[in-house]
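Residue-level structure breakdown
Spelled out, the chains give:
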Amino acid sequence: MPRRIEARKGRILRRIYDRLCEVYGPQHWWPAETPFEVMVGTILVQNTNWANVEKAIQALKDRKCLSLNALRALSENELAGLIRPAGTFRVKARRLRNLLDLIAGWGSVTRMARAPLDVLRRKLLDVNGVGPETADSILLYARQKPVFVVDAYTRRLLDRHGFPEGRAGYDDIQALFMRHCPRDVRVYNEYHALIVRLGKDFKGLDAVRRKEYPLKAAHFFL
DNA sequence: CCCCAGGCGTCCA
DNA sequence: TGGACGCATGGG
């Protein structure tokens, strides 16, 4: 890839970030009280509206179950019942337990946090039910590590701005952003949150099909 | 009634 | 290695 093109990509990505900051302001992510709550949330939010996740989290809090030991004490069926509002609840109950097992292997969230970044990421990805976005969300929002999180909105954003990376794999997209943006937890935290925020304004694949999104986005950003 | 949400694993060519 | 498909509630 010619250096000129690379430099141009960088300018566009940084400009988009600046504009999103101006328009939407700080997003205050992740909406949770503790790192443990963040981790639970990353599983519950998979392919799910955040409003439904809040209901599930609240149900766990009401039952005083939002802790490592309390959650592990529940049977899979009990857990599934509590997180029902989050949807795909049987699958998520199993995945959540898998993640809890990993944390328990370290003994606590605090001890887990001492593991080196690359080791922890691999261990997270080994958990059935934790994919790249979930793993990176945990690293960024629960562990405060400078890791860029890629999601469906990110792909669409790139696609709509003519980046070939819009069709690329997760790691390539992540590398693109991390190559061109400061390796700063604060920046990656805001950037991902802002992309999601923008996505909500241009909701649904339907809008893309009707070509509303590219027109508005081009006008909006450039 | 429709579509879809801050994904992931599995199965199959 | 890439693409369909199931998971499932709740909101628009």
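Definitions and limits used
Residues numbered from 1 in each chain as written. Chains lettered and ligands numbered in written order. Predicted model: local features only at pLDDT ≥ 70, side-chain atom pairs only at ≥ 80, totals over all residues. Heavy atoms only, no water. Phe/Tyr/Trp six-rings, centres within 6.5 Å; stacked < 30°, edge-to-face > 60°. Helix = DSSP H or I, 4+ residues; strand = E, 2+ residues; numbered from the N terminus. Buried < 20%, exposed > 50% of the residue type's maximum accessible area, 1.4 Å probe, protein only. Near = heavy atom within 4 Å. Polar contact = N/O pair within 3.5 Å; in protein donor to acceptor, adjacent residues only side chain to side chain. Nonpolar A, V, L, I, M, F, W, Y, C, P; charged D, E, K, R; others polar. pLDDT = per-residue confidence, 0-100. Contact = heavy atoms within 4.5 Å. Axes fitted to C-alpha atoms, helices over the stretch in contact; angles between N-to-C directions. Parallel < 35°, antiparallel > 145°, perpendicular 65-115°, else oblique. Left-handed = near helix turned anticlockwise from the far one by under 90°. Core = buried A, V, L, I, M, F, W, Y, C linked by side-chain atoms within 4.5 Å. Salt bridge = Lys/Arg side-chain N within 4 Å of Asp/Glu carboxyl O.

**Examining the packing of aromatic side chains**
Overall, the coordinates contain 9 aromatic pairs when judged by the stated rule. Ring geometry for F148 against F177: centres 4.2 Å apart, planes inclined by 5 degrees, an arrangement best described as stacked. Here F177 lies in helix α11 (residues 170-180) and F148 lies in the loop between α9 (132-142) and α10 (152-160), a separation of 29 residues in the sequence. The same class applies to F148 and to F177, which are both buried.

**Quick notes on the protein's contact with DNA strand B**
Taken together, 25 residues form the shell around DNA strand B, and within it W30, G131, E133, T134 and Y153 come nearest. A share of 60% of the atoms of DNA strand B within 4 Å of the protein falls on sugar and phosphate groups. Contacts to DNA strand B include W50, whose backbone N or O atom sits 3.5 Å from a phosphate oxygen. In this structure, Y153 approaches DNA strand B through a side-chain N or O atom, which is 2.9 Å from a phosphate oxygen. Among the residues forming the surface near DNA strand B, the class breakdown is 11 nonpolar, 9 polar and 5 charged.

**Here's the deal with the confidence of the model for chain A**
Taken residue by residue, chain A gives an average pLDDT of 91. The fraction at 70 or more is 91%. Counting interchain partners and residues more than four positions distant, the pLDDT-below-50 stretch residues 204-215 has 14 contacts.

**Quick word on the packing of α10 against α11**
Running from N to C, α10 and α11 point in directions that differ by 70 degrees, and their axes come no closer than 11 Å. Relative to α11, the element α10 lies roughly perpendicular. As α10 runs across α11, the sense of the crossing is left-handed. Along the contact surface, α10 presents T154, R155 and L158, while α11 presents Y170, I173, L176 and F177. In terms of residue class, the contact of α10 with α11 is made up of 5 nonpolar, 1 polar and 1 charged.

**Topic: the protein's contact with DNA strand C**
In the region of DNA strand C, the neighbouring residues are N47, N52, K55, R84, P85, G87, T88, F89, R90 and V91. If you look at DNA strand C and keep only atoms within 4 Å of the protein, 73% of those are sugar or phosphate atoms. Contact between DNA strand C and N47: a base nitrogen at 3.4 Å from a side-chain N or O atom of the residue. For DNA strand C, a phosphate oxygen lies 3.4 Å from a polar atom in the side chain of R84.

**So, the nonpolar core**
In this structure, V40, L44, L60, L71, L99, L124 and Y191 are the most contacted members of the largest nonpolar core, which totals 68 residues. When residues no more than four places from it in sequence are discounted, the contact partners of L71 are F36, V40, L60, C65, L79 and L100.

**A few points about the environment of E54**
Position of E54 relative to the elements: it lies in helix α3 (residues 50-62). Sequence separation between E54 and A93 is 39 residues; the distance between their C-alpha atoms is 16 Å.

**Describing the pattern of salt bridges**
All told, the structure shown has 13 salt bridges when counted by the stated rule. Put simply, E6, K9, E165 and R179 are held in one network by salt bridges that share partners.

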